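Each chain is listed here by its residues.
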Amino acid sequence: MKILVPIKRVPDPQTNIAVRPDGTGIVTDNVKFVINPFCEIALEESLRIKEAQGEGEVVLVSIGGKECQEQLRTGLAMGADRAILVVTDGPLDPARAAEVLAKLVAQESPNLVFLGKQAIDDDANQTGQLLAAMLDWPQATFASKVVIGDDKKSVTVTREVDGGLETVAFDLPGIITSDLRLNEPRYASLPGIMKARKKELKEVPLAETGVSAEPKVKQVKIEPPPKRQGGRKVETVQELVNLLHTEAKLI
Amino acid sequence: MSKTLIYIEHAHGKMQKASAVAVAAAKAAGGDLTAVVLGKGVDTVAAEAATLGVAKVVLVDDPRLEHYLADIAAQAVAQVAKAEGATTIIAAATAIGKDFFPRVAQLLEAGMASDVTSIGTDGTIERPTYAGNVVSRVQIATPIRVITVRGTAYPPVAPGGAAAPVEKVALAADAKSKMRFVEFAETKSDRPQLTDAKIVVSGGRGLKSGENFTVVLEPLVDALGAAMGASRAAVDAGFVPNDLQVGQTGKVVAPQLYIAVGISGAIQHLAGMKDSKVIVAINKDGDAPIFNISDYGLVADLFKAVPEMTEEVKKLKAS
Ligand SMILES: Cc1cc2nc3c(=O)[nH]c(=O)nc-3n(C[C@H](O)[C@H](O)[C@H](O)COP(=O)(O)OP(=O)(O)OC[C@H]3O[C@@H](n4cnc5c(N)ncnc54)[C@H](O)[C@@H]3O)c2cc1C
Ligand SMILES: Nc1ncnc2c1ncn2[C@@H]1O[C@H](COP(=O)(O)O)[C@@H](O)[C@H]1O
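Residue indices follow the written sequence of each chain, beginning from 1 at its first position. Following the order in which they are written, the chains are lettered starting with A and the ligands numbered starting with 1. For a predicted model such as this one, the threshold for reporting local features is a pLDDT of at least 70, and the threshold for listing and counting side-chain atom pairs is 80 or more; totals across whole chains, interfaces and linings nevertheless cover every residue. Computation of side-chain values: all heavy atoms of the structure, hydrogens and water removed.

### Looking at the overall build of chain A
Comment: elements are numbered from the N terminus, with helices defined as DSSP H or I runs of at least four residues and strands as E runs of at least two. Tallying secondary structure elements over chain A gives seven helices and 13 strands in all. Each principal axis of the C-alpha distribution contributes one length, and for chain A these read about 65 × 45 × 40 Å. Any residue under 20% of the maximum accessible area for its type is buried, any over 50% is exposed, and the rest in between are partly exposed; the area is computed with a 1.4 Å probe on protein chains only. Sorting the 251 residues of chain A into buried and exposed places 57% on the buried side. Note on contacts: a residue pair is in contact if any heavy atoms of the two residues lie within 4.5 Å. Contacts spanning at least 24 positions in sequence make up 69% of the contacts within chain A whose residues lie at least 6 apart.

In structure tokens, the structure reads:
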């Protein structure tokens with residue numbers, strides 16, 4: 001089967017994020033960029049599905065600047081077959097990103113689109129669900145286990161939800177978004193990196209998709225969060241419990 | 001006046017507290033409020049929602065809504081939103097709200113802001129991004145706005161007000177789901193819900209095993225009548241169930257008291273608890289970042305400190 005995997009370029013989760021003084025964005029100098037961790041998990045699972053079936057195709061998509069080539073090459077080195085980069089001047093909001101993906105779905109006709117549950121920059125958690133609604137496809141978000149039916153026509157997904165684990169099933173095509181515990185993504189191997197250089201990475205200007213770059217949600221300003229004062233230490237457990245009782249009045 | 005529709009979530013026949021927070025957010029934003037309840041045989045939930053200070057409750061009771069499924073739930077909410085002429089549609093940013101509200105937005109061709117912490121009367125919305133490192137102020141540019149509200153954003157509206165009328169509405173005949181509910185494996189617990197509790201005690205990798213959660217941490221949790229939480233590292237290691245994860249990609253909590261035990265304080269963890277009123281950290285590493293935001297920090301071996309604290313708390317409660 002054919003799986004489309006949208007991967008987003010985001011700042012490394014380990015880096016410190018600072019807001020630019022004019023409030024228009026974050027400081028990007030010296031910031032390392034990586035594949036969004038949830039997208040990496042979605043890619044890993046897609047590769048495993050392909051490997052288990054012994055056939056099929058995993059197609060990567062990224063929407064963003066030319067620099068997203070770097071993340072797409074990494075994804076190709078992990079084992080994806082080819083990549084599409086939809087080139088934009090600035091970031092697109094989830095609604096527009098989903099519109100772009102819907103256009104690609106129309107062209108590529110995948111059986112499954114496997115996204116991350118959330119991009120760790122905008123923390124939106126919307127794109128997969130928006131795309132599902134645009135296509136009128138079923139969805140399983142926050143997946144922690146994915147089982148493709150023997151006939152390859154359906155899927156059963158266990159989802160991490162409030163209060164436990166929910167399992168849903170549907171006939172393909174459909175949308176899945178990955179949660180953290182779905183798998184442990186592989187590293188790109190050296191032969192993988194060599195092979196990736198020869199794999200197809202097609203660039204498509206946003207204009208060619210016909211999707212507007214105009215955001216549905218406009219960013220007014222960004223700011224650093226209020227700083228929390230902390231740092232006071234106590235010496236003993238008795239002192240701690242005492243302070244929680246007499247000062248904080250919480251126990 | 002503009003009209004706001006609030007989706008009321010329920011489990012085991014009871015309204016979720018997070019939905020009462022969504023109602024509070026809707027009140028702060030201004031406008032006429034209508035609540036919508038979906039399900040099968042959920043009159044009691046509708047009756048409870050009617051006491052939250054809304055003008056009306058719309059109840060869509062249908063066998064097709066017996067189990068929550070994203071696609072048909074979205075169709076139902078969009079149907080009601082259109083019929084009511086609602087221009088703002090709000091839900092709690094729970095697993096369910098996050099799952100299907102983007103679909104509602106799409107069906108209404110609306111822009112959506114998720115997991116928001118504030119909605120201003122001028123339409124300015126605040127939401128944390130970059131794991132809480134950034135506060136983004138946004139405006140939804142479309143005529144209809146769809147919003148999910150973080151459970152810690154506003155104090156929940158207390159039920160028990162004068163009862164508003166409940167109007168029963170039939171689900172559109174052609175509404176259907178392409179998904180099948182298979183099962184729900186519930187994590188059973190007698191403790192308070194993580195997101196509702198006044199006190200939360202969370203354990204991290206420092207606990208070293210699931211058994212230690214049971215024998216070392218849980219006695220403290222229970223002595224305090226608290227809910228239990230965990231870091232991602234503890235969940236990933238299988239010490240505790242997934243739905244205890246606090247953080248950027250887990251649950252966001254803001255209890256009166258948050259006690260972090262054997263947790264280093266990675267930014268992704270802080271994103272889920274740094275708005276707690278009082279934070280206590282117990283960690284053997286005096287340089288752990290969790291101490292930068294804790295009100296009371298105890299540098300100690302948790303295997304010694306936690307049982308001692310349990311005894312102290314019990315003594316205090318007995319006196
Ligand atoms: C995309 C992404 C999303 C993430 N989302 C989340 C999230 O939602 N929530 C979350 O929590 N994390 C999240 N993380 C992971 C996060 O970055 C950290 O890895 C994680 O929070 C670390 O957990 P920890 O503090 O338990 O473990 P560690 O960082 O290993 O810390 C363990 C601590 O225990 C202390 N300790 C050890 N033994 C003892 C002892 N005997 N007594 C006292 N103290 C002791 C150590 O000094 C140390 O500080 C995410 C990461 C990524 C990349
Ligand atoms: N610009 C983008 N390029 C590629 N994939 C994206 C992009 N934006 C969002 N996605 C996909 O949608 C998921 C959820 O993103 P979000 O809705 O922004 O939290 C990500 O994990 C990606 O799989």
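### Here's the deal with the site of ligand 1
Any residue with a heavy atom positioned within 4 Å of a molecule or strand is treated as near that molecule or strand. Lining the immediate surroundings of ligand 1 are 29 residues, of which Arg205(B), Ser231(B), Ser264(B), Gln268(B) and Asn283(B) lie closest. More than one chain lines the surroundings of ligand 1; the residues nearby belong to chains A and B. Contact between ligand 1 and Arg232(B): an oxygen atom at 2.9 Å from a main-chain N or O atom of the residue. Taken together, the elements giving at least two residues each to the shell around ligand 1 come down to α6 (232-236), α7 (267-270) and α9 (302-318) of chain B. Only Asp, Glu, Lys and Arg are considered charged in this grouping, and only Ala, Val, Leu, Ile, Met, Phe, Trp, Tyr, Cys and Pro are considered nonpolar; every other residue, Gly among them, is considered polar. Among the residues forming the shell around ligand 1, the class breakdown is 10 nonpolar, 13 polar and six charged. We call two N or O atoms a polar contact when they sit within 3.5 Å, provided that within protein one can donate a hydrogen and the other can accept it, with sequence-adjacent residues counted only if both atoms are side-chain atoms.

### Here's the deal with the site of ligand 2
All names here are of chain A. Taken together, the neighbourhood of ligand 2 is formed by 17 residues, with Pro6, Ile63, Ala119, Asn125 and Thr127 sitting nearest. Interatomic distance of 3.1 Å between a backbone N/O atom of glycine 116 and an oxygen atom of ligand 2. With respect to ligand 2, the side chain of threonine 127 contributes an N or O atom lying 2.7 Å from an oxygen atom. Accessible surface area values rest on a Shrake-Rupley calculation with a 1.4 Å probe, where residue burial reflects the displayed protein chains alone. Summarising the interface, the protein chains cover 98% of the accessible area of ligand 2, which totals 490 Å² for the free molecule.

### A short note on the pattern of salt bridges
All names here are of chain A. By definition here, a salt bridge exists when the distance from a side-chain nitrogen of Lys or Arg to a carboxyl oxygen of Asp or Glu is within 4 Å. Considering all chains together, one arrives at 41 salt bridges over all chains under this definition. A salt bridge links glutamate 55 to lysine 152, with the shortest nitrogen-to-oxygen separation between them at 2.8 Å. A residue pair is termed long-range when its members are at least 10 positions apart, and glutamate 55 in the loop between α1 (37-53) and β4 (57-64) and lysine 152 in the loop between β7 (139-148) and β8 (154-161) qualify at 97 residues. Under the relative-accessibility criterion, lysine 152 is labelled partly exposed at 30%. Sharing partners across several salt bridges, the network here consists of Lys2, Glu57, Arg82 and Glu108.

### Concerning helix α7 (residues 237-246) of chain A
What α7(A) keeps buried is the set Val237(A), Leu240(A), Val241(A), Leu243(A) and Leu244(A). Down the axis, α7(A) shows its buried residues gathered within 160° of arc, on one side only. The inward-facing, buried residues of α7(A) abut β13 (233-234) of chain A together with β16 (257-261), β17 (278-283), β18 (296-299) and α9 of chain B. By construction, the arc corresponds to the directions joining the helix axis to the C-beta atoms.

### Some thoughts on the sheet that holds strand β12 (residues 217-223) of chain A
In this analysis, strands are considered paired if DSSP registers two or more bridges between them. Overall, antiparallel pairing links the four strands, which are arranged β12(A)-β10(B)-β9(B)-β8(B) in an open sheet. Two strands in the sheet have a free side with no partner beyond their single neighbour: β12 of chain A together with β8 (118-119) of chain B.

### Thoughts on the nonpolar core
Think of a nonpolar core as a cluster: buried Ala, Val, Leu, Ile, Met, Phe, Trp, Tyr and Cys residues, connected wherever their side-chain atoms sit within 4.5 Å. The biggest cluster of nonpolar side chains holds 97 residues, and the ones touching the most others in it are Phe114(A), Val146(A), Ile89(B), Phe100(B) and Phe101(B). Here the element with the most residues in this core is helix α3 (residues 70-84) of chain B; it accounts for nine residues. Beyond its immediate sequence surroundings of up to four residues, Phe100(B) is in contact with Tyr7(B), Tyr68(B), Ala70(B), Ala73(B), Ala74(B) and Val77(B). The next biggest cluster of nonpolar side chains, apart from the first, holds 41 residues, and it includes Leu220(B), Ala223(B), Ala234(B) and Ala305(B).

### What to know about the interface of chain B and chain A
Taken together, the contact between chain B and chain A spans 82 residues of the former and 73 residues of the latter. Take the accessible area each of two parts loses on contact, using a 1.4 Å probe, and add the two losses: that sum is the buried area. Taking both partners together, chain B and chain A bury about 6700 Å²; carbon and sulfur atoms supply 55% of that area. Connecting chain B to chain A are seven salt bridges. A salt bridge links Lys178(B) to Asp136(A), with the nearest nitrogen and oxygen atoms 3.5 Å apart. For the pair chain B and chain A, the number of links is 46 residue pairs in polar contact (both at pLDDT 80 or more). Counting residues per element, the side of chain B that touches chain A draws most heavily on strand β13 (residues 179-186) of chain B, at eight residues. For β13(A) and β18(B), the ladder comprises two bridges, and the chain directions are parallel. The partner of Val234(A) across the bridge, within β18(B), is Leu298(B).

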